[in-house]
Amino acid sequence: MDLWASFSNSGVYLAVLAGGYLLKRAGLFRVQDARFLSAVIMNITLPAAIVKGFAGVELSGVLLLTFVFSFLVSLTLVCTGAVLSRGRPAVERGTTILNTNTFNCGNFAIPFLSGVVSSESFAAMCMFDVGAAIFTYGPNAAVAQRAMGGGKGRGAGLGSVLKKLFTTPTFLVYVAMVALSLLHWELPGFVMNVAVMAGNANSFLAMLCIGILFEVRFPREGRATVARVLAGRYTVCALAAVVLWLWLPVPREVARTLVVMLFAPVASCAPMITIENGCDGTVAAVINSISMVLSITIMTLLLALERGGLDQEITIPACAADVPKDSSLVPVYEGEQMPFLDLLYGLIIRSGNDAANAVAELCAGSVDAFVARMNARAYELGMTGTHFVNPHGYHDPDHYTTARDLATLTRQGLTDPTFCQIVTCLRYALPATSKRGELVIENAYEIFKPDSPFYIEGAAGVKSGYTSRAGFCYVGAAQRNGQTLIAVILDAPTRNRAWTDLKRLFAYGFAFLES
């Protein structure tokens, strides 16, 4: 996703949030409506989004490390709240501690980021949420009450914390998905389809709900507390982001996602927890609204700045060479630098397995994480007969698809102008790099050649493929009179037979449309 696309994506979320606020101001929504929406989100759409996001994710040390990191950040924040409020009146101390250490993951950060991160990064966000939630529902209140000179706080005991966590649908889904990942089990297709449908509504409902709750009128009382909480909170989170980026041994894609997560706003439940513990709910509500404004700004900028465009210069990773010996290659070499767009041309025109591995690691942090993202996207598109185990298509018994699913995927691809540009390119020059001279690659597809017996009028790509097990395969598209048809050939005995059958299918399809 390039810089403009990142801002556009964030702009959509902000537009929905603003719409919720304006509809509340117009009298079409009330604060009570937000409470209903919040219940729907936390009990239905967010759990569904978690099921959808966890699809194909393998539990790894990265996710455990993310949980530990979240726990340590939360511990640091609650200690920061205690230090910043030292010597202040009891109620002010409690309010500061309870609002310094909370993260609005479920209603804000996860919906905000879910459309632009890999499956592994989504799972990391969920593990971050688990670590933060444990503090929100227990230790925060215990520390606040002790600082105020009272007991351990309402609902701060271990039994109360566990009861709260294990009666929360979101937490139960986290536990269930982690268990399924450990057992290497997959949910039935019907369950996944329902989860995808409900999960797709989560981001919209969450932003609408936040917009309804948002308030811009702030009372004068407690402004010093508000400033103290926000300054301490964002300073600690900024320092944690530096530590995470420089020293935490996680894939870069996960690190980028967690850096953005650190700047999530204060949890929407914080004002209620503040009131339950005898502290200032009005100040907590102000902190909540201001943190939302700050977090939206910071997260949008971070999300946009971390993602370069297709012209961004990339360095080929070592995994590019980790392909079977008889693979088709661009070739690209470890340490070679080139624009990302050139790598994509090599991937499509040369069917470069080395380029496929490089793209996978550059986009998702690792080949495995990218494959998990591929499988999750297949679920979203309704490709129920597809399962990926690698990014390049080399034969594997567990790597399979269907003609229908390939047509579905192609239809989605044809909505992207860059995709269309690459799959119809006949000749492309890859500029010289430090590893090789200029490399000219050419599209040898017969359907594009007017003097070929297999020429197809209006051909618009898309991709050929061959292995000894799969035979000659081709996914083609053609456009005539404003109509686009897609045809799929699998397991043809020869290349010419694939071209012949493809031409016959398009002739039949366009004749049918004209009849």
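Residues numbered from 1 in each chain as written. Predicted model: local features only at pLDDT ≥ 70, side-chain atom pairs only at ≥ 80, totals over all residues. Heavy atoms only, no water.

(A) Representation of unusual backbone geometry. The omega torsion of the bond from Val330 to Pro331 falls at 0°, within 30 degrees of zero and hence cis. Positive phi outside glycine occurs at Asn481, with the angle close to 50°. Within the fold, Asn481 resides in the loop between strand E6 (471-480) and strand E7 (483-492). Owing to a relative accessible area of 74%, Asn481 belongs among the exposed residues under this scheme. The backbone of Asp491 sits at a positive phi, close to 60°, despite the residue not being glycine. Summarising the element assignment, Asp491 is placed in strand E7. (Helix = DSSP H or I, 4+ residues; strand = E, 2+ residues; numbered from the N terminus. Buried < 20%, exposed > 50% of the residue type's maximum accessible area, 1.4 Å probe, protein only.)

(B) Highlighting empty space enclosed by the protein. Scanning the model with the defined rule gives one cavity of 30 Å³ or more in all. What the largest cavity holds in volume is close to 40 Å³. Surrounding the largest cavity, Ile348, Ile349, Ile422, Val423, Asn443, Ala444, Tyr445 and Val462 form its lining. A per-class count over the lining of the largest cavity returns seven nonpolar, one polar and no charged. (1 Å grid on protein atoms, 1.4 Å probe; cavity = no way out; pocket = protein on both sides within 12 Å on 5 of 7 lines; lining within 4 Å. Points joined across faces, edges and corners; volume = space filled by probe spheres on them. Nonpolar A, V, L, I, M, F, W, Y, C, P; charged D, E, K, R; others polar.)

(C) Looking closely at the state of the cysteines. Scanning all chains against the criterion turns up zero disulfides. We note that Cys79 lacks a disulfide partner, and the nearest cysteine sulfur, in Cys237, lies 14 Å from it. When its relative accessible area of 41% is taken as the criterion, Cys79 is described as partly exposed. Unpaired in this structure, Cys319 has its nearest cysteine sulfur neighbour in Cys363, at a distance of 11 Å. For Cys319, a relative accessible area of 14% puts it in the buried group. (Disulfide = S-S within 2.5 Å.)

(D) Representation of the environment of Ala238. Looking at the secondary structure, you find Ala238 in helix H12 (residues 223-247). With a relative accessible area of 33%, Ala238 lands in the partly exposed category. Between the alpha carbons of Ala238 and Leu262 there is a distance of 7.8 Å; along the sequence they are 24 residues apart.

(E) The arrangement of the sheet that holds E6 in detail. In spatial order, the strands read E5-E6-E7; together these three strands make up an open sheet with antiparallel pairing. Strands at the two margins of the open sheet, each flanked by one partner only, are strand E5 (459-467) and E7. On average, each strand axis in the sheet is inclined to that of its neighbour by 5°, with strand direction left out of account. Bridge count between E5 and E6: seven bridges; the pairing is antiparallel. In the sheet register, Lys463 faces E6, and the bridge partner there is Val475. This element, helix H19 (residues 403-413), spans E5, E6 and E7 of the sheet and lies at about 140° to E7. On top of the sheet, helix H21 (residues 495-514) reaches E6 and E7; it is set at about 150° to E7, its chief contact. (Pairing = 2+ DSSP bridges. Axes fitted to C-alpha atoms, helices over the stretch in contact; angles between N-to-C directions. Contact = heavy atoms within 4.5 Å.)

(F) Up close: the pattern of salt bridges. Counted according to the given criterion, the structure contains eight salt bridges. Residue Arg228 is joined to Glu92 by a salt bridge in which the shortest nitrogen-to-oxygen separation is 2.7 Å. Placement of Arg228 in helix H12 and of Glu92 in helix H4 (residues 90-100) is noted, with a sequence separation of 136 residues between them. Each of Arg88, Glu92 and Arg228 takes part in a single network of salt bridges with overlapping partners. (Salt bridge = Lys/Arg side-chain N within 4 Å of Asp/Glu carboxyl O.)

All we've got here are geometric facts, nothing functional implied.
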